[in-house]
Amino acid sequence: MRKIAIVGAGICGLYLGWKLSEKGFEVTIFEKKNEIGKETCSGLFSQRILEFIPQSKKLIENEIEYVKINFPSKTLKIKFSKKFFLMSHYRLDNLVASLAETAGAKIFLNNNIFTPPDFPLVIGCDGSFSQTRKNLGLPDPEFYLGIQGFLAGKERSNFVETWPTKNGFLWKIPRSRETEYGIIEKPELAKNIFENFLKEKKIILERQRSAALPQGLIIPDNKKVTLCGDAAGLTKPWSGGGVVWGLVAANILLRNFPDFLKYKIEVEKHFLRQISFSKMVKKLVYFFGFNLPWLLPANFKIEGDFLL
């Protein structure tokens, strides 16, 4: 039995710990925080989440069928070919932690360990500012800033609204007991744009929180240490979401385990084309939306996780 260390008890680290333990590996997960559960996240996941974690069905708060994109002169309605579900990321993480521990994984909280000793294999799942990535001498990905805030009051709409900004977008999401507003943008722009938007809409939020969102796939060329999820900079260029993409990468890692170099080859082959294509689509939609909106169809359908 080979011992495996996973650094970081986020969704990808916990999922890998769960599945590797089921395969009979001895898995230890190290988490620097004193509790499990990501708070700063909209928790908007495509229905593919059920393919990875069927047990998460009980966490669904609302179902989203389409998004409205509000450009200055035109509103687009984009229907999703697969529904999106609203869930608490905090509760999802704790659900998968329970599954991992039941399968035999050991989880140690308050452990700020980034190069675990006596482990032949290490998987870094330690988030946007991954110390595992830094210890490997790898560059940081590009960072965006996500800010979210909440307004009390039930709203059971089946759609999300967005307002494109220069590099990202603002959003409105109907949760089960409150409405969420937020922004993803360049760090130097996000706060001012968000504050001006709230002022214009006369919205006073009850609480706010923020997080860095990495963008840019980084996988080490290393036989003993690899990265997955946010630590690898794996988030969608158009939304900053990374849970389903991270779980897809985790399954690629599981399929190739313990060969980290084969994982690197397959995950790059799978995602680099997706990332390049989606960046191009985002630029085109933004260009036409701001400059030539009449050339865009008012209604169309897309695949929310993968455009190809």
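Figured I'd write up the structure that's included with this text. (Residues numbered from 1 in each chain as written. Predicted model: local features only at pLDDT ≥ 70, side-chain atom pairs only at ≥ 80, totals over all residues. Heavy atoms only, no water.)

### Digging into the pattern of salt bridges
Enumeration over the complete set of coordinates arrives at 14 salt bridges. With a closest N to O distance of 3.9 Å, Lys83 and Glu65 form a salt bridge. In this pair, Lys83 is assigned in strand E5 (residues 75–86) and Glu65 in strand E4 (residues 62–70), connecting sequence segments 18 residues apart. The class for Lys83 is partly exposed, based on a relative accessible area of 31%. For Glu65, a relative accessible area of 26% gives the class partly exposed. Between Asp140 and Arg133 there is a salt bridge, and its shortest N-O distance comes to 3.0 Å. Arg133 sits in the buried class, given a relative accessible area of 0%. Connected through salt bridges with shared partners, the residues Glu63, Glu65, Lys79 and Lys83 form a single ionic network. (Salt bridge = Lys/Arg side-chain N within 4 Å of Asp/Glu carboxyl O. Helix = DSSP H or I, 4+ residues; strand = E, 2+ residues; numbered from the N terminus. Buried < 20%, exposed > 50% of the residue type's maximum accessible area, 1.4 Å probe, protein only.)

### Considering the sheet that holds strand E7 (residues 121–124)
Spatially, five strands are ordered E6-E2-E1-E7-E13 in an open sheet, and the strand pairing comes out parallel. Looking along the sheet, the strands with just one partner apiece sit at the ends: strand E6 (106–108) and strand E13 (225–227). Taken pair by pair, the neighbouring strands of this sheet meet at an average axis angle of 20°, ignoring direction. (Pairing = 2+ DSSP bridges. Axes fitted to C-alpha atoms, helices over the stretch in contact; angles between N-to-C directions.)

### What to know about helix H5 (residues 187–201)
Side chains of residues three or four places apart in an α-helix project in the same direction, reflecting 3.6 residues per turn. For H5, built from 15 residues, the straight-helix expectation of 21 Å at 1.5 Å per residue is met to within 8% by its first-to-last C-alpha distance of 22 Å. Residues of H5 that are buried include every one of Ala190, Phe194, Phe197 and Leu198, and no others. What you see down the axis of H5 is that its buried residues fit within an arc of 95°, all on one side. Exposed positions of H5 whose direction lies more than 90 degrees from the buried face are Glu188, Asn196, Lys199 and Glu200. On its buried face, H5 sits against strand E8 (142–152), strand E9 (159–164), strand E10 (169–174), strand E11 (178–185) and strand E12 (207–215). Trailing H5 by a residue or two, Lys202 shows a phi angle of about 60°, which is positive. (Expected span 1.5 Å × (residues − 1). Arc of directions from axis to C-beta. Contact = heavy atoms within 4.5 Å.)

### Some remarks on the packing of aromatic side chains
A complete count under the given rule lists 18 aromatic pairs for this structure. Plain terms: the ring middles of Phe25 and Phe257 are 5.1 Å apart, the flat faces sit at 80° to each other, and that makes the pair edge-to-face. Of this pair, Phe25 sits in the loop between helix H1 (11–22) and strand E2 (26–30) while Phe257 sits in the loop between helix H6 (243–256) and helix H7 (260–291), and the two are 232 residues apart along the sequence. Note on Phe257: relative accessible area 13%, which makes it buried. For the pair Phe169 and Trp171, a centre-to-centre distance of 5.8 Å together with 55° between the ring planes defines the contact as tilted. The exposure class assigned to Phe169 is buried, which follows from its relative accessible area of 12%. Pairwise contacts between aromatic rings join Tyr15, Trp18 and Phe52 into one cluster. (Phe/Tyr/Trp six-rings, centres within 6.5 Å; stacked < 30°, edge-to-face > 60°.)

### Some remarks on the side chain of Glu178
Counting through the fold element by element, Glu178 comes out in strand E11. A polar contact is formed between the side chain of Glu178 and the side chain of Arg207, at a distance of 3.0 Å. When neighbours within four sequence positions are excluded, Glu178 is seen to be in contact with Phe150, Leu151, Ala152, Gly153, Ile173 and Arg207. (Polar contact = N/O pair within 3.5 Å; in protein donor to acceptor, adjacent residues only side chain to side chain.)

### Focus: the pairing of E8
Where E8 meets E12, nine bridges bridge the pair, whose relative direction is antiparallel. Of the residues in E12, the one forming a bridge with Ile147 is Ser210. The sheet contact formed by E8 and E11 spans eight bridges and is antiparallel. Each residue of the ladder has a partner; that of Leu145, found in E11, is Glu185.

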